[in-house]
Amino acid sequence: MAHRRVRTLLAGLRVRLADGLRAPGARTSLLVGAVAALVAASGLRPLTRRWPAAVVGSLLSSTATETPRATALLVGAGAGVALRRGAAGNPAGRVGLAVAGGAVGVLLTLDHGARADAENLAEALSAELGPVELPARGRVLPTILGRSRYATARDIAYGPDPVANLLDVWRDPLLAPDARAPVLVQIHGGAWSSGSKAADAHPLMAHMVGRGWVCVSVDYRLGPSERWPAQIVDIKRALAWTRAHIAGHGGDPDRIAITGGSSGAHLAALAALTPGAWQPGFADADTSVAAAVCLYGIYDLTSDDGSGTLDELLAETMMPTALDEDAHPYVAASPSARVHAGAPPFMVLHGTGDAIVVPAQSRAFVARLRAVSRAPVVHAELAHAQHGFDLVPTPRTLAAVRAVAAFLETVVGRGHPAIPGHGDR
């Protein structure tokens, strides 16, 4: 008798659920709730770190971590459509609406954390450099139009490869040719096998140019057709070109810093730590830098990055051997193995939610640097920030850009004051 009652109850629930799903707005509500829950969950924790699925997961997470307010508005709009279709009039519809509401709550929490990063960055700077005030927030439009506005010299050849060895110089058109402004060299990411100087770090470079700096954005030979050490050789060539020629663009060859994100951070860090190395045919060129800023980078090529596939990726994209066949190139190419007392000042940023490179890479690298380097090492982790968080001018990106500017202006020097209103743009 009891079993019959249970079966009758379950049958009744199935009927009610089926009827509920047929009710107006129920399916819309459940769909909105399911998608919102997936996006919000990916913002709290990456869905996967397995390459290459992590790339897709990172893009999904970014909608929650880097643009949470806009994503919350989209969820709200979807819930509004479901409400207009009568979702509140049946249990299934109400479940979907409740889930969507919970997702919006998570998204707003993520937004609060992202906006709090400005304070966290200021504290990280002050801990290493003493009291540091972040510069005023620049206008967003110059950031979006940065390349068209500031890349005054494009596709300049700096090496023998006519396709890959090209760079752009960003400068304010009002900067005098003899200004001797500090210089920031930017190295793009892309897993050593893709990417372009035209795509990365526009918010940072536009902000620095607006503060009286000159920026140099570099293309270099990419894998898998070009194998290591082609990539670092090209970065060294670009640094040598910058020191030899940047004065003609208003830059100061004695004040050169370097920056990059992801694989670009790896190359920037390695270049900063190894002046004079990997310079075939230009061994006498001075490729030293005054500071390095590295974002969400890989610094130990021999360690697991959380996906279990870093060695496979490196062997596929650019290294000349597999790690288990010959580890020497991997060790030699690891910035963590190259730290020394004379390292320049470093600033290392990483998002705690990075789905592609675990923040433990940055933590271990910073620990090794701080153990031996005589220069400041600023380190900050950004709450739930995703890989490539700085590609678009979100509030978090603008806070990070201001912090980088404060770091560079403290350890390298301020930009040229002859530009009217620079530093406030």
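As a reminder, the structure under discussion sits directly above these lines.
Everything numeric in this text was worked out from a predicted model, so none of it was measured.

The next subject is the overall build of the protein. Helix and strand counts for the protein come out as 15 helices and eight strands. By the burial criterion, 54% of the 425 residues in the protein qualify as buried. Only carbon and sulfur atoms are counted for the fraction: they give 59% of the accessible area of the protein, which is about 17500 Å².

Note that glycine 251 resides in strand E5 (residues 251-261). Owing to a relative accessible area of 0%, glycine 251 belongs among the buried residues under this scheme. With 76 residues separating them in the primary sequence, glycine 251 and leucine 175 have C-alpha atoms 9.5 Å apart. Not counting chain neighbours up to four residues away, the residues in contact with glycine 251 comprise Arg180, Ala181, Val183, Val214 and Ile246.

What follows deals with the packing of aromatic side chains. What characterises a pair of aromatic rings is the spacing of the ring centres plus the angle enclosed by the ring planes. Scanning all chains against the criterion turns up four aromatic pairs. Look at tryptophan 228 and tryptophan 278: their rings are 5.9 Å apart centre to centre, the planes differ by 75°, and that puts the pair in the edge-to-face class. With tryptophan 228 in the loop between strand E4 (214-218) and helix H10 (230-245) and tryptophan 278 in the loop between helix H11 (263-273) and strand E6 (291-295), this residue pair connects regions lying 50 residues apart in the sequence. The two residues tryptophan 228 and tryptophan 278 agree in class, both being buried.

Right, let's talk about the packing of helix H2 (residues 26-44) against helix H5 (residues 91-115) for a bit. Here H2 crosses H5 at 25°, and the two axes come no closer than 7 Å. For the element pair H2 / H5, the angle class is roughly parallel. With respect to the hand of their crossing, H2 and H5 are arranged in left-handed fashion. Contact residues: H2 offers Ala26, Ser29, Leu30, Val32, Gly33, Ala36, Ala37, Ala40, Gly43 and Leu44, while H5 offers Ala92, Gly93, Val95, Gly96, Leu97, Val99, Ala100, Ala103, Val106 and Leu110. When grouped by side-chain class, the residues that make up the contact of H2 with H5 number 15 nonpolar, five polar and no charged.

Within helix H12 (residues 310-317), the full set of buried residues consists of Leu310, Leu313, Leu314 and Thr317. Viewed along the axis of H12, the buried residues span an arc of 95°, placing them on a single side of the element. Of the surrounding secondary structure, the elements contacted by the buried residues of H12 are helix H13 (328-332) and helix H14 (360-372).

Attention now moves to the packing of helix H6 (residues 117-129) against helix H15 (residues 395-411). Where H6 contacts H15, the axes come no closer than 9 Å and their chain directions differ by 15°. The angle between the axes of H6 and H15 places the two elements in the roughly parallel class. In the crossing of H6 with H15, the sense of the turn from one axis to the other is right-handed. For the pair formed by H6 and H15, the contact residues are Asp117, Ala118, Leu121, Leu125 and Leu129 on the first element and Arg396, Ala399, Ala400, Ala403, Ala406, Phe407, Thr410 and Val411 on the second.

Time to look at H15. Compared with an ideal rise of 1.5 Å per residue, which puts 17 residues at 24 Å, H15 spans 25 Å between its outermost C-alpha atoms and is within 8% of the ideal. Looking one or two residues past H15, glycine 413 carries a phi angle of roughly 135°, positive in sign.

A word on the pairing of E6. In terms of burial, E6 is a largely internal element, five of the five residues being buried. Across the two faces of E6 the burial is the same, with Ala291, Val293 and Leu295 and Ala292 and Cys294 all buried. In this structure, E5 lies alongside E6, joined through five bridges in parallel fashion. Across the sheet, glycine 260 pairs through a bridge with cysteine 294, a residue of E6. Taken together, the four bridges between E6 and strand E7 (residues 346-351) define a ladder with parallel strand orientation. Following the sheet pairing, leucine 295 is matched in E7 by leucine 349.

Attention now moves to the nonpolar core. Of all hydrophobic cores here, the largest spans 61 residues; its most connected members are Ile258 and Phe346. Here this core gets eight residues from one element, more than from any other, and that element is H11. Setting aside its immediate chain neighbours within four residues, phenylalanine 346 contacts Ala269, Ala272, Leu273, Ala292, Cys294, Phe365, Leu369, Pro376, Val377, Val378 and Phe407.

Residue placement: proline 160 occurs in the loop between strand E1 (151-157) and strand E2 (166-170). When the C-alpha positions of proline 160 and arginine 237 are compared, they lie 9.7 Å apart, and in sequence the two are 77 residues distant. If we ignore the near neighbours within four places in the chain, the residues touching proline 160 are Asn165 and Arg237.

This paragraph deals with unusual backbone geometry. In this model, glycine 223 is joined to proline 224 through a cis peptide bond whose omega is 0°. Here proline 224 lies in the loop between E4 and H10. With omega at 10°, the peptide bond leading from tryptophan 228 into proline 229 counts as cis. The residue proline 229 is located in the loop between E4 and H10 in this model. Located in the positive-phi region is arginine 180, a residue other than glycine, with phi close to 55°. Note on placement: arginine 180 falls in the loop between E2 and strand E3 (181-187). Residue histidine 384 is not a glycine yet carries a positive backbone phi of 60°. Turning to its location among the elements, histidine 384 is positioned in the loop between strand E8 (377-382) and H15. Owing to a relative accessible area of 28%, histidine 384 belongs among the partly exposed residues under this scheme.

Rules used throughout
- Residues numbered from 1 in each chain as written.
- Predicted model: local features only at pLDDT ≥ 70, side-chain atom pairs only at ≥ 80, totals over all residues.
- Heavy atoms only, no water.
- Helix = DSSP H or I, 4+ residues; strand = E, 2+ residues; numbered from the N terminus.
- Buried < 20%, exposed > 50% of the residue type's maximum accessible area, 1.4 Å probe, protein only.
- Areas by Shrake-Rupley, 256 points an atom, 1.4 Å probe, with all protein chains shown as cover.
- Contact = heavy atoms within 4.5 Å.
- Phe/Tyr/Trp six-rings, centres within 6.5 Å; stacked < 30°, edge-to-face > 60°.
- Axes fitted to C-alpha atoms, helices over the stretch in contact; angles between N-to-C directions.
- Parallel < 35°, antiparallel > 145°, perpendicular 65-115°, else oblique.
- Left-handed = near helix turned anticlockwise from the far one by under 90°.
- Nonpolar A, V, L, I, M, F, W, Y, C, P; charged D, E, K, R; others polar.
- Arc of directions from axis to C-beta.
- Expected span 1.5 Å × (residues − 1).
- Pairing = 2+ DSSP bridges.
- Core = buried A, V, L, I, M, F, W, Y, C linked by side-chain atoms within 4.5 Å.

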